[in-house]
Amino acid sequence: MELELRFFATFRDAVGEKEHTATFDDGSTVADVLGTLEDEYEGLAGQLLTDEDDVAIRDQLSVLKNGRDVTHMAGPETDLEDGDTLSVFPPVAGG
C-alpha cells in the first residue's frame, strides 16, 4: 500500500524533505511504519517509538492519521490503509 508521509520541524531536517510517498505491506500499523522510518533515517533512530517490550509512541510526539491524532484511535496499533496520510510532529518546546 502507498502512504503519504509528512514530517515537521526537526523531523523534516532528519528526513531531508517535508513529505514523500512510500510503500508498505498491506496491514501495516502506525508502529510498523514508525519503526521502518527509525531504521531508514539515522536522524529518527530512537526518536519515534519507545524501546520497551510494549511498543508505544514516544511521549509528546504527535502522530496524525489523515489529520486525526492516533492516540484517539488505537495508538501505535492503528491500522493504515492505502492512500492514508501519516503526519509526524516532534515535541514542541519554547515559551
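The model shown is predicted, which means the values in this text are computed figures rather than measured ones. (Residues numbered from 1 in each chain as written. Predicted model: local features only at pLDDT ≥ 70, side-chain atom pairs only at ≥ 80, totals over all residues. Heavy atoms only, no water.)

Things to note about the pattern of salt bridges
- Overall, the coordinates contain three salt bridges when judged by the stated rule.
- One salt bridge in this structure joins Asp 51 and Arg 58, with 3.8 Å as the shortest N-O distance.
- Judged by relative accessible area, which is 70%, Asp 51 ranks as exposed.
- The partner of Asp 84 in a salt bridge is Lys 65, and the shortest N-O contact between them spans 3.8 Å. Linking Asp 84 in the loop between β4 (68-69) and β5 (85-89) with Lys 65 in strand β3 (residues 62-65), this pair joins segments that are 19 residues apart in sequence. Accessibility classification places Asp 84 together with Lys 65 in one group, the buried group. (Salt bridge = Lys/Arg side-chain N within 4 Å of Asp/Glu carboxyl O. Buried < 20%, exposed > 50% of the residue type's maximum accessible area, 1.4 Å probe, protein only. Helix = DSSP H or I, 4+ residues; strand = E, 2+ residues; numbered from the N terminus.)

Focus: the environment of Ile 57
- The residue Ile 57 is located in the loop between α2 (30-40) and β3 in this model.
- By relative accessible area, Ile 57 is classed as buried at 15%.
- Separated by 10 residues in the primary sequence, Ile 57 and Gln 47 have C-alpha atoms spaced 9.0 Å apart.
- With residues near it in sequence (within four places) discarded, Ile 57 still touches Val 30, Leu 34, Leu 48, Leu 49, Val 63, Val 70, Gly 75 and Pro 76. (Contact = heavy atoms within 4.5 Å.)

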